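Chain and residue survey
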Amino acid sequence: MNDLKNELKMEFSAISSNEGFARVAVGAFVAELNPTVDELADIKTAVSEAVTNCIIHGYEQKEGSIWIHCQIQGRLVQISVVDAGKGIRDIEQAMEPLFTTKPELERSGMGFAFMEAFMDEIEVISEPWKGTSVTMRKTIGEG
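The model shown is predicted, which means the values in this text are computed figures rather than measured ones. (Residues numbered from 1 in each chain as written. Predicted model: local features only at pLDDT ≥ 70, side-chain atom pairs only at ≥ 80, totals over all residues. Heavy atoms only, no water.)

1. Let's talk about the overall build of the protein
Along the backbone of the protein there are 4 helices and 5 strands. When the helices and strands of the protein are listed from N to C terminus, the series reads β-α-α-β-β-α-α-β-β. For the protein, with 143 residues in total, the buried portion stands at 45%. A fraction of 64% describes how many contacts in the protein between residues 6 or more apart in sequence connect residues 24 or more apart. (Helix = DSSP H or I, 4+ residues; strand = E, 2+ residues; numbered from the N terminus. Buried < 20%, exposed > 50% of the residue type's maximum accessible area, 1.4 Å probe, protein only. Contact = heavy atoms within 4.5 Å.)

2. Focus: the packing of aromatic side chains
In the structure shown here, the tally under the stated rule is 2 aromatic pairs. Geometrically, the ring pair formed by F12 and F21 is edge-to-face, given 5.7 Å between the ring centres and 80° between the ring planes. Summarising the aromatic geometry, the rings of F114 and F118 are spaced 6.0 Å apart at their centres and angled 15° between planes, so their arrangement reads as stacked. Within this pair, F114 and its partner F118 are both found in helix α4 (residues 111-118), separated by 4 residues, close to a single helical turn. Classification of F114 by relative accessible area gives partly exposed; the value is 31%. (Phe/Tyr/Trp six-rings, centres within 6.5 Å; stacked < 30°, edge-to-face > 60°.)

3. Quick look at the pattern of salt bridges
Taken as a whole and judged by the stated rule, the model has 6 salt bridges. In this structure, the salt-bridge partner of R137 is E123, at a minimum N-O distance of 3.6 Å. Of this pair, R137 sits in strand β5 (residues 131-139) while E123 sits in strand β4 (residues 121-127), and the two are 14 residues apart along the sequence. For R137, a relative accessible area of 15% puts it in the buried group. Across the pair E127 and K130 runs a salt bridge whose closest N-O atoms are separated by 3.6 Å. For E127, a relative accessible area of 42% gives the class partly exposed. (Salt bridge = Lys/Arg side-chain N within 4 Å of Asp/Glu carboxyl O.)

4. Examining α4
Within α4 the residues assigned to the buried category are G111, F112, A113 and M115. The inward-facing, buried residues of α4 contact α2 (37-58), α3 (91-94), β4 and β5.

Everything listed here is a matter of coordinates, which is why it stays silent on function.
Right under this line is the structure:
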């Protein structure tokens, strides 16, 4: 990304109480672009889903860290949510709507589907037992 306008990097504990923190922090960072209420809600929901996946699936609700890296270039927002958890063996299967590895926790299996619906682009990179990186992009003001 050339002409980087703004950047945010943060690390926090992979505990469910920090999911709300991540939503608010990213929302505040993106606010400089004056997004619509819907655009902001979309971004916050996608971040929430990515962070929740790190906690529930990446670390299986055990100790760990989550890193978020946000960049703004022009009207484009790029958000990466990264963990060093157990990783995803089959990314294609994990991204199928309604697929879940945690049915006993009543997980809906819609996390990636929501991320894809609310953002313009999503890229998932994962390696078993090394972690997962979810990078999402959205252009603000595209209507």
